[in-house]
Amino acid sequence: MIRIGQGFDVHQLAEGRPLLLGGVHIPHPKGLLGHSDADVLLHTITDAALGAIGAGDLGKHFPDTDEAFKDADSKHLLSQAWQLVKNAGYTLGNVDCTVMAQKPKLAPYIEAMRKQIAELLETDVANVSVKATTTETLGFVGREEGIAAQAVILLQKAE
């Protein structure tokens, strides 16, 4: 049996915040604003994984109204969600992600993101795809007001 989940997330860029994407620190004058560390890529993967097992979303499990999750490490949040996936009897088939950012250029960081995500999902890096695109200066991404990410995940029933 297989299950498919999809995730989408957006965070605003802000001064004085580190930029974390896929668990990787990326040098940039602005970072993402959020209750946690605002790693938009890990958030969308978490949502996709939770959705695939019918367990809701990031906000249900880690609400931004709970101070326990203030400045939380998104790697930890994804790890907790991944434990729910494993408890439901599933393993990763693959995950395919796209990050939408006008700047900074993300190509130099893609492999590090893939490795970090593979480690968090307990899989081979070959099962993790991370792509980056701009929006050709259109919309909030193009105006460099924020970064968006989307992911699709395939889970397989563990043997």
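Residues numbered from 1 in each chain as written. Predicted model: local features only at pLDDT ≥ 70, side-chain atom pairs only at ≥ 80, totals over all residues. Heavy atoms only, no water.

The condition is simple: UniProt positions are given in the numbering used here, feature names are shortened, and annotations may be inferred rather than shown by experiment.
As recorded in an unreviewed UniProt entry, the protein goes by the name 2-C-methyl-D-erythritol 2,4-cyclodiphosphate synthase, listed as coming from Shouchella rhizosphaerae. UniProt, in its Subunit (unreviewed entry) section for the protein, records the words "Homotrimer."

**As for a nonpolar patch on the surface**
Spelled out, the test is: A patch consists of residues exposed above 30% relative accessible area that lack any salt bridge, with like charges linked at up to 9 Å and nonpolar side chains (Val, Leu, Ile, Met, Phe, Trp, Tyr) linked at up to 5 Å. Surface exposure here means Shrake-Rupley accessible area, sampled with a 1.4 Å probe, where a residue is shielded only by the protein chains that are shown. Each salt bridge in this description consists of a side-chain nitrogen of Lys or Arg and a carboxyl oxygen of Asp or Glu lying within 4 Å of one another. Numbering goes from the N terminus for both helices and strands, where a helix is a DSSP run of H or I of at least four residues and a strand is a run of E of at least two.
The grouping of Phe 8, Val 10 and Phe 140 at the surface amounts to a nonpolar patch, some 250 Å² of accessible area in total. Along the polypeptide, Phe 8 turns up in strand β1 (residues 2-15).

**Topic: helix α4 (residues 110-120)**
In plain terms, the rule: Partly exposed residues are those whose accessible area sits between 20% and 50% of the maximum for their type, while under 20% is buried and over 50% is exposed, using a 1.4 Å probe and protein chains only. Throughout, a contact is declared for two residues whenever any of their heavy atoms are within 4.5 Å.
Listed in full, the buried residues belonging to α4 are Ile 110, Met 113, Arg 114, Gln 116, Ile 117, Ala 118 and Leu 120. Elements in contact with the buried residues of α4: β2 (20-21), β3 (24-25), α1 (40-52), α3 (74-87), β5 (90-100) and β6 (128-133). Backbone geometry just downstream of α4 places Glu 122 in the positive-phi region, at approximately 55 degrees.

**With respect to unusual backbone geometry**
The omega torsion across Lys 103 and Pro 104 is 0 degrees, close enough to zero to call that bond cis. Tracing the backbone shows Pro 104 in the loop between β5 and α4. Notably, Glu 136 is not glycine yet its phi reads approximately 55 degrees, a positive angle. In this structure, Thr 137 is a non-glycine residue whose phi angle is positive, near 65 degrees. Tracing the backbone through its elements, the reader meets Thr 137 in the loop between β6 and α5 (139-142).

**Re the pattern of salt bridges**
Tallied over the full model, the rule gives five salt bridges. One salt bridge in this structure joins Lys 131 and Asp 96, with 2.4 Å as the shortest N-O distance. With Lys 131 in strand β6 and Asp 96 in strand β5, this pair connects stretches of sequence that are 35 residues apart. Note on Lys 131: relative accessible area 35%, which makes it partly exposed. Between Glu 145 and Arg 143 there is a salt bridge whose closest N-O contact spans 2.8 Å.

**Considerations on the pairing of β5**
Rules: Strand pairing follows a simple DSSP-based rule, namely that at least 2 bridges must link the two strands. Seen with its strands pointing away from the viewer, a crossover is right-handed when the path leading from the first strand over the helix to the second is clockwise.
Here β5 lies mainly inside the structure; eight of its eleven residues are buried. One ladder, built from ten bridges, connects β5 with strand β7 (residues 146-157); its direction is antiparallel. Note on β7: the bridge partner recorded for Thr 98 is Gln 150. Once the chain exits β5 it traverses α4 before rejoining the sheet at β6, and the crossover so formed is right-handed.

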